[in-house]
Structures are given as structure tokens and as C-alpha cells.
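# Commentary on secondary and tertiary structure
In case you want the letters, here they are:
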Amino acid sequence: MSNNYMKPNQLKIAVVGLGSIGLPLLEVLADKHFVVGVDLNTKLKTRFLTYKKIPKGMDVVIICTPERAVPDLVYLADLYNTPNIIIRSTMPIGSSSKLLGRLHNSRLFYAPERSLEGKIKEEIDKIPQLVAGHDKDAVNFLLSIFFKAPGIIYKDNFLEVEAAKLISNAYRYLQFTTSNILYNACSKHNLDFYAVNDLAAQGYNRMGQLSSAGYVGGPCLPKDLEHLLGSQDSLKDSLFEVNKQLTKNVVNKAMSQLKENKLVGIYGLTMKKDSPDTRGAWATVLEKELLGRNENITIVKYDPFLHHQEGLSLIEQCDVVIIATPHSQASELNHTNIIDVWSFK
């Protein structure tokens, strides 16, 4: 049920950008507030009033778009005398300060999304909201907006909060890439990375819990590390090479197991587990690498979020199947020759 009719004492909130961050946030806020959506995609279907431009008369505008669109949206909301603007998008360090200097009518807050994509509804009542602003009296107001959050961590230093968001994403990127470095090292010696890791951790508490190996896809984590380190930093390029080497190792293994039919199955075509988002998916990189080795290979692709169930039987007829995205449904795959760097089973 939508909330297209205002109730007394409700805040009027416009959420701009109805993607993987904005749409679930809109649905959460609708439990208490009068909300509308704003998105350029006119074909987007939601249960809420949706506009192509920010409407006038809003109490709060929350921006959840890619960072390149944020400045123009902030200036437009300010021009419309919107009292409160909240940026949810991840931004480079110093971005908020540049925007503050050009505002005349609005309070600006930076409150980056901290939940995992696809987990916003589940995690919003578990993770405190990290917010930067110059009005310390605004904490109760922010709590009324993010009413399901367990608390507000409020700082008057925008730079610190911008850096904190970038560091959290950079840390996750480094975690994943560290596992890939070790996976690649074990592959050189034809060793099972997971078996070696389990052996190393037995009775040795200094060994922390490593992330699973697997391609670091999607646009956010590498981009945020670059924002933090700078575009010229060589570490960024070195980490990217780790992902490339992981792809080569997997393709080498697949090529060695081809039969006369030369059929390679790729299971999972999305960016991450149990997500329909195809941006930065490993499957695209794997397909390019496979065809670059042998253009006569036939590649059969399947993803439970994008295809009918019948496609699963087609991929099971391949010589070898590569798990490109470890969806929960991957356990349904019935094949004796599976290349799985994620160790989903």
C-alpha cells in the first residue's frame, strides 16, 4: 500500500535515484513518512508517486544517485528552498565542502549508505547511521527520518565521514583481493586454496577468517579505493592485476578440461551473489578471456535471476562449468566438473 495521502506530522521526503540504494530506502521510509520517488527512468514501476524531477515543497531530499549527478541535484534542491538535503551516495573526500559553499537555503547532511546491496531492509535497524553535518541539534531530526536505525553517529567533519565510507569499501576490496592473491599462489602449485587455508588455521588463532576467493566485480569497491589513494597510485593497478590473474587461472583450468564439443558453461551472470545487478559481472570477463583463447568454444550461460529454470539443464550438458557468481541456487547444479573458486558448497 502506498502513502500517496499525507497524514498529520509526516515529513515530506523525496528520494532521488531509485536504484539498488534508493528504492529499498524509499520503501523503508514509507512506513512513517510521506515519500515520493524521483528517477529519470519513466518505465520504472513502483507503488509510490514518482517524478522525473525533484518536486517543490519537500521537507527532505535524499540523493541516492551516482556521484556525478549529485552536485546538480543538490543545487536544484537548494534552489527549491528544500530545508534539508541528505546525500546518500559515496563521494570523494572534499566533495561535501565544495557543495556547502554554494548553498543558500538548505542544510546539507552526508549520510552514506552502509548496508550491503540487497540487504538495506534487513540491516537498517542493525547499523547506526553515520552522518556529517554542521548542526548538532539535528540529531533528533535525523533519528526521526531514519527511525528504524539503532542510532546516529554524528560528526561535524564532512571529510572524516567521507573518508570513513571510502575506507570501509577499500577494506572490503583489500580483504577479497588478499584471498585472491593466496588463491593464485596455491594455483601455481596445483594446491586447493581452501584446504591449505584450513590446515594453516588449525590450532593457530593468529589466522583470521579469510574471505572466499572470487572475482571482485561491480563498480564501487575499486572506484572507492581509487578515490582514497588517488588515480596514480600503483597499488590500485597491482590489485587489479590480481583479478586478471584469477581469471586467467580459471580459464586455464577450463581449457585443460574441454572435450571435442568444446562446451563451457558459465553459471551466474550478475555482479554478486543473489543479486540481479549485472554491472561489472565476472561472467563478461570470463567469456572474453575464453573466446580470446579459442574462438571455436561454445559458451552456454545461465543465471537463475535472469533465465528460466530450463536453462539449468542446458548448462549441465557442458564439458565444464565455471561458477562466475555463487548464487544460493548454485547447489542445484548437477555436474561432475565444476570450477568453483568461491567454494560455495
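Throughout what follows, the structure given in this document is the object of discussion. Computed from a predicted model, the values in this text were never measured in an experiment. (Residues numbered from 1 in each chain as written. Predicted model: local features only at pLDDT ≥ 70, side-chain atom pairs only at ≥ 80, totals over all residues. Heavy atoms only, no water.)

### Quick notes on the overall build of the chain
Within the chain one finds 11 helices and 12 strands. Each principal axis of the C-alpha atoms in the chain carries an extent, and together these give about 70 × 45 × 40 Å. Within the chain, the fraction of its 345 residues that count as buried is 45%. Put simply, 63% of the contacts in the chain that link residues at least 6 apart link residues at least 24 apart. (Helix = DSSP H or I, 4+ residues; strand = E, 2+ residues; numbered from the N terminus. Buried < 20%, exposed > 50% of the residue type's maximum accessible area, 1.4 Å probe, protein only. Contact = heavy atoms within 4.5 Å.)

### Quick word on the side chain of Thr 325
As for its placement among the helices and strands, Thr 325 is situated in the loop between strand E11 (320-323) and strand E12 (338-339). Judged by its relative accessible area of 1%, Thr 325 is buried. Looking at Thr 325, its side chain comes within polar contact range of the main-chain oxygen of Gly 268, at 3.4 Å. Excluding residues that lie within four positions of it along the chain, Thr 325 makes contacts with Tyr 267, Gly 268, Leu 269, Thr 270, Lys 272, Lys 273 and Trp 342. (Polar contact = N/O pair within 3.5 Å; in protein donor to acceptor, adjacent residues only side chain to side chain.)

### A word on the layout of surface pockets
When its volume is computed, the second largest pocket comes out at roughly 400 Å³. Along the wall of the second largest pocket there are 15 residues; nearest its centre are Tyr 183, Ser 187, Leu 191, Asp 192 and Lys 253. Of all the elements in the fold, those that place two or more residues in the lining of the second largest pocket are helix H6 (158-188), helix H7 (193-201), helix H9 (234-255) and E12. Grouping the amino acids of the lining of the second largest pocket by side-chain chemistry returns 8 nonpolar, 3 polar and 4 charged. (1 Å grid on protein atoms, 1.4 Å probe; cavity = no way out; pocket = protein on both sides within 12 Å on 5 of 7 lines; lining within 4 Å. Points joined across faces, edges and corners; volume = space filled by probe spheres on them. Nonpolar A, V, L, I, M, F, W, Y, C, P; charged D, E, K, R; others polar.)

### Section: the pairing of strand E2 (residues 34-38)
Two faces make up the sheet, and in a regular strand the side chains alternate between them. Counting buried positions along E2 gives 5 out of 5 residues, so the element sits mostly inside the fold. Of the pairings in the sheet, the one linking strand E1 (residues 12-16) to E2 comprises 5 bridges and is parallel in character. Bridged to Val 16 within E2 is Val 38. One crossover worth recording links E1 to the parallel E2 by way of helix H1 (residues 22-29), and it is right-handed. (Pairing = 2+ DSSP bridges. Right-handed = clockwise from strand over helix to strand, strands pointing away.)

### Re unusual backbone geometry
The phi angle at Asn 81 is positive, at roughly 60°, despite the residue not being glycine. On the secondary structure map, Asn 81 appears in the loop between helix H2 (70-79) and strand E5 (84-87).

### Notes on the environment of Leu 333
Here Leu 333 lies in the loop between E11 and E12. Of the residues examined, Leu 333 reaches a relative accessible area of 5% and is grouped as buried. In this structure the C-alpha to C-alpha distance between Leu 333 and Ile 323, which are 10 residues apart in sequence, comes to 9.9 Å. Not counting the four nearest positions on each side in its chain, Leu 333 is found in contact with Tyr 267, Leu 312, Ile 315, Glu 316, Val 321, Ile 323 and Ile 338.

### Structural notes on the packing of H6 against helix H8 (residues 220-229)
One can describe the packing of H6 onto H8 by two numbers: an axis separation of 8 Å at closest approach and a directional angle of 125°. Between H6 and H8, the angle is such that the two are oblique. Note on packing geometry: the crossing formed by H6 with H8 is left-handed. Note on element contacts: H8 touches H6 through Leu 221, Pro 222, Asp 224, Leu 225, His 227 and Leu 228, opposite Ala 163, Leu 166, Ile 167, Asn 169, Ala 170, Arg 172, Tyr 173 and Phe 176. (Axes fitted to C-alpha atoms, helices over the stretch in contact; angles between N-to-C directions. Parallel < 35°, antiparallel > 145°, perpendicular 65-115°, else oblique. Left-handed = near helix turned anticlockwise from the far one by under 90°.)

### A look at the pairing of E1
Burial analysis of E1 places 4 of its 5 residues in the buried class, which makes it a mostly covered element. In this structure, E1 lies alongside strand E4 (residues 60-63), joined through 4 bridges in parallel fashion. Following the sheet pairing, Val 16 is matched in E4 by Ile 63.

### Regarding the nonpolar core
Residues Ile 266, Tyr 267, Trp 282, Leu 286, Leu 290, Ile 315 and Ile 322 are the most contacted members of the largest nonpolar core, which totals 36 residues. Those elements that place two or more of their residues in this core are H6, H7, H9, strand E9 (263-267), helix H10 (282-293), strand E10 (298-302), helix H11 (310-315) and E11. The contact partners of Trp 282, leaving out residues within four places of it in the chain, are Tyr 215, Leu 246, Thr 247, Val 250, Ile 323, Ala 324, Val 341 and Trp 342. Counting residues in hydrophobic clusters, the runner-up holds 26 residues, among them Leu 11, Ala 138, Ile 145 and Phe 146. (Core = buried A, V, L, I, M, F, W, Y, C linked by side-chain atoms within 4.5 Å.)

### Considering the pattern of salt bridges
Opposite charge on two side chains lets them pair, provided their charged atoms get close. Following the criterion strictly, the structure yields 14 salt bridges and no others. As a salt-bridge pair, Asp 31 and Lys 148 come within 2.9 Å of each other at their nearest N and O atoms. You can see Asp 31 sitting in the loop between H1 and E2 and its partner Lys 148 sitting in the loop between helix H5 (139-145) and strand E8 (152-155), a full 117 residues away along the chain. For the salt bridge of Glu 67 with Lys 223, the shortest nitrogen-to-oxygen distance reads 3.5 Å. One end of the pair, Glu 67, is in the loop between E4 and H2; the other, Lys 223, is in helix H8, and 156 residues separate them in sequence. It is possible to trace a salt-bridge network through shared partners that takes in Glu 67, Lys 223 and Asp 224. (Salt bridge = Lys/Arg side-chain N within 4 Å of Asp/Glu carboxyl O.)

### Considerations on a nonpolar patch on the surface
Residues Leu 174, Leu 229 and Leu 235 make up a contiguous nonpolar surface patch of roughly 210 Å² in combined accessible area. Checked against the element boundaries, Leu 229 lands in helix H8. (Patch = residues over 30% accessible without salt bridge, like charges linked within 9 Å, V, L, I, M, F, W, Y side chains within 5 Å. Areas by Shrake-Rupley, 256 points an atom, 1.4 Å probe, with all protein chains shown as cover.)

### Observations concerning the sheet that holds E11
Sheet strands line up and pair through hydrogen bonds in the backbone, either parallel or antiparallel. One open sheet accounts for 4 strands, arranged E10-E9-E11-E12; its pairing is parallel. In this open sheet, the two strands that pair with only one neighbour each are E10 and E12. Pairing geometry for E11 and E12, over 2 bridges, is parallel. Looking across to E12, one finds that Val 321 is bridged to Ile 338.

Distances and angles like these do not, on their own, reveal function.
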